[in-house]
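Examination of the molecular architecture
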Amino acid sequence: MAQQYQAQIYVTLRPSVLDPAGTAVQVGLMHMGYENVGQVRIGKYIELTLSADSETIACEQLNRICDQLLANPVIENYQFELQEMSTVASQ
């Protein structure tokens, strides 16, 4: 039987990559009077569900999904959290 998993995926720019959107937000915050805000970095948050026979297989699939579609591994890092939801009957 396959397990149903929910993944929360966080994609962020690598520290060495400039983040113009983050800089724009930081400047905007400073203009609003929030001068105590430091560096701002903008990223992506993605949720998805998948079925897999084990958590190990689910993690392997998520790594491939992130590498191939959700993140650009040249300029972005990603991490994910995986939670088991329920058991799903194999079809």
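Procedures and definitions
- Residues numbered from 1 in each chain as written.
- Predicted model: local features only at pLDDT ≥ 70, side-chain atom pairs only at ≥ 80, totals over all residues.
- Heavy atoms only, no water.
- pLDDT = per-residue confidence, 0-100.
- Helix = DSSP H or I, 4+ residues; strand = E, 2+ residues; numbered from the N terminus.
- Buried < 20%, exposed > 50% of the residue type's maximum accessible area, 1.4 Å probe, protein only.
- Pairing = 2+ DSSP bridges.
- Phe/Tyr/Trp six-rings, centres within 6.5 Å; stacked < 30°, edge-to-face > 60°.
- Expected span 1.5 Å × (residues − 1).
- Arc of directions from axis to C-beta.
- Contact = heavy atoms within 4.5 Å.
- Salt bridge = Lys/Arg side-chain N within 4 Å of Asp/Glu carboxyl O.
- Polar contact = N/O pair within 3.5 Å; in protein donor to acceptor, adjacent residues only side chain to side chain.

1. Quick word on the confidence of the model for the protein chain
- Per-residue confidence for the protein chain averages 94 on the pLDDT scale, and 93% of its residues sit at or above 70.
- Per-residue pLDDT, averaged within each element of the protein chain, yields its smallest value for strand β3 (residues 76-88) (88) and its largest for helix α2 (residues 55-70) (98).

2. Observations concerning the pairing of strand β1 (residues 2-13)
- Extensive coverage of β1 is indicated by the burial of nine of its twelve residues.
- Pairing between β1 and strand β2 (residues 43-52): ten bridges, direction antiparallel. Residue Q6 lies in a different strand from β2, and its bridge partner there is T49.

3. Focus on the packing of aromatic side chains
- Scanning the entire structure with this criterion turns up one aromatic pair.
- Measuring from centroid to centroid gives 5.2 Å for Y10 and Y45, while their planes differ by 45°, and the two rings are tilted. With Y10 in strand β1 and Y45 in strand β2, this residue pair connects regions lying 35 residues apart in the sequence.

4. Re α2
- Taking 1.5 Å of rise per residue, the 16 residues of α2 would be expected to cover 22 Å, yet its terminal C-alpha atoms sit only 20 Å apart, more than 12% below that figure.
- Along α2, the residues classified as buried are A58, L62, C66 and L70. Each buried residue of α2 sits inside an arc of 70° when the element is viewed along its axis, so together they form one side. Structural note: α2 exposes T56 and Q68 on the side pointing more than 90 degrees away from its buried face.

5. What about the environment of D53?
- Position of D53 relative to the elements: it lies in the loop between β2 and α2.
- By relative accessible area, which is 56% here, D53 ends up exposed.
- Residues D53 and I65, spaced twelve residues apart in sequence, show a C-alpha to C-alpha distance of 17 Å.
- Apart from the residues within four sequence positions on either side, D53 is in contact with M1 and A2.

6. Here's the deal with the pattern of salt bridges
- Enumeration over the complete set of coordinates arrives at one salt bridge.
- Close ionic contact of E76 with K44 constitutes a salt bridge, the shortest N to O distance being 3.7 Å. Of this pair, E76 sits in strand β3 while K44 is found in strand β2, placing the two residues 32 residues apart along the sequence.
- Exposure remark for E76: the relative accessible area of 14% places this residue in the buried category.
- Classification of K44 as partly exposed rests on a relative accessible area of 40%.

7. Digging into the side chain of E76
- There is a polar contact of 2.7 Å between the side chain of E76 and the backbone nitrogen of N72.
- With residues up to four places along the chain from it excluded, the contact list for E76 reads V11, T12, L13, R14, K44, L70 and A71.

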